[in-house]
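Each chain, letter by letter, is given below.
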Amino acid sequence: MLENLDKIQAVALADLETIDDQGALESWRVANLGRSSPLMSIFDQLGGLPKEERPIIGRRANQVKGTLENKLEEKTEQLNAIQLQRTLETERLDVTLPGRKVVYGRLHPVTQTLRQMYQIFAEMGFQVYLSRDVETDEYNFQLLNFPPHHPAREMQDSFYIEGEYEQDNPLLLRTHTSPGQIHAMREYSSSNPQDPPPIRIILPGMCYRYEQISARYESQFTQVEGLAVGKNITFSDLKGTLSDFNKRIFGKNVRSRFRASHFPFTEPSAEVDIECFVCGGLGCPVCKRTGWLEILGCGMVHPTVLENGGYDPGIYTGFAFGIGPERITMLRHRIEDIRYFWANDFRFLDQF
Ligand code: PHE
């Protein structure tokens with residue numbers, strides 16, 4: 001049995017030499033020091049040995065066990081050291097490499113235009129008034145003096161909200177920011193119905209039209225509505241405000257032109273053009289050879305609309321306008337297709 005123990009130790013130590021990874025080492029431990037290893041079975045047999053042999057064999061078995069355990073520990077440390085070395089080699093850092101540039105995000109070009117517009121109007125004393133995106137037919141059309149069969153009220157032109165259809169007053173996504181005029185006037189006038197306060201606000205927001213999408217039309221776009229109501233407001237105030245706005249946003253030499261037009265909620269109404277800043281009014285592809293670029297709609301608030309807002313049209317007058325920030329952005333940067341604004345294409349967005 002002593003010889004057997006010598007052999008067990010010799011074989012185990014020889015095997016251990018060949019091991020070079022943690023998994024194999026664990027198998028070695030199980031085979032040589034585990035419950036069913038040859039060494040353990042010798043411990044199990046000790047009880048059946050003659051009395052005088054028992055301590056001799058027992059001592060030797062304990063020696064072998066101690067030796068194997070020591071060697072196992074040594075080997076474990078050795079393998080750990082090798083592992084650490086490998087990690088250090090593969091995960092080495094080159095501290096002399098140059099750093100990587102931080103990539104900065106930027107504001108969407110339309111947001112940039114919007115912020116500039118807020119700035120310009122703020123300097124003229126206009127406050128921002130936020131109105132809702134989901135409107136009733138009443139606010140979007142009726143209170144703005146649209147006649148009942150106006151083409152803009154057709155299902156083909158507006159997004160109505162299904163399931164919320166009330167015979168005479170369905171819900172829809174606002175087709176313009178003008179319904180905000182009524183909300184604002186009613187809020188202001190309700191604070192003092194006998195003598196309502198003057199108003200000077202802009203109403204920015206998203207508008208929705210059930211439109212065939214093309215290079216010029218999107219089904220979703222922003223508008224900035226303007227509204228001024230007071231006791232002595234004239235068309236000259238409107239002209240001055242918008243001419244000044246045009247100069248500030250397009251350049252101080254830009255000329256503006258007011259062309260008679262029609263909107264149900266303003267009277268008189270006008271569309272405003274600026275002199276083409278690409279060709280200076282001589283005619284080019286950008287202005288389609290007319291020398292002028294159309295940029296907004298405006299007019300004096302219709303008496304019926306003032307009244308619907310709680311302002312006595314015998315005492316108060318006002319002006320309103322609606323500007324398309326997408327259109328302004330397209331003109332300033334010569335962007336030829338409105339669909340770029342929603343395409344989320346970095347090659348486009350990175351240019352602003
Ligand atoms: N709401 C009009 C439109 O969407 C623009 C407009 C606003 C015209 C205010 C006059 C006054 O086309």
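Predicted, not measured: the structure shown is a model, and the values here were computed from it.

Rules of the game
Residues numbered from 1 in each chain as written. Predicted model: local features only at pLDDT ≥ 70, side-chain atom pairs only at ≥ 80, totals over all residues. Heavy atoms only, no water. Axes fitted to C-alpha atoms, helices over the stretch in contact; angles between N-to-C directions. Helix = DSSP H or I, 4+ residues; strand = E, 2+ residues; numbered from the N terminus. Parallel < 35°, antiparallel > 145°, perpendicular 65-115°, else oblique. Contact = heavy atoms within 4.5 Å. Nonpolar A, V, L, I, M, F, W, Y, C, P; charged D, E, K, R; others polar. Phe/Tyr/Trp six-rings, centres within 6.5 Å; stacked < 30°, edge-to-face > 60°.

Before going further, it helps to examine the packing of helix α2 (residues 22-33) against helix α4 (residues 54-90). Following both chains from N to C, one finds α2 and α4 inclined at 175°, their axes separated by 11 Å at the closest point. Taken together, the axis directions place α2 and α4 in an arrangement best described as roughly antiparallel. Across the interface between the two elements, Q22, L25, W28, R29, N32 and L33 from α2 touch K65, L68, E69, L72, K75, T76, L79 and N80 from α4. Among the residues forming the contact of α2 with α4, the class breakdown is six nonpolar, four polar and four charged.

This paragraph deals with the packing of helix α5 (residues 109-123) against helix α10 (residues 325-333). Two elements in contact, α5 and α10, have axes whose closest approach is 9 Å; the angle formed by their N-to-C orientations is 105°. As summarised for this structure, α5 and α10 are arranged roughly perpendicular, according to the angle between their axes. Each of P109, V110, T113, L114, Q116 and M117 in α5 lies in contact with α10, whose residues at this interface are P325, E326, I328, T329 and R332. Grouping the constituent residues of the contact of α5 with α10 by class yields six nonpolar, three polar and two charged.

Our next topic: the packing of aromatic side chains. Inspection of every chain in the model, using the stated rule, returns 15 aromatic pairs. For the pair F235 and F258, a centre-to-centre distance of 6.3 Å together with 70° between the ring planes defines the contact as edge-to-face. Note that F235 is positioned in helix α8 (residues 235-250) and F258 in strand β6 (residues 256-263), a separation of 23 residues in sequence. Taken together, the aromatic side chains of F121, F126, F245, F319 and F321 make up a single cluster linked through ring pairs.

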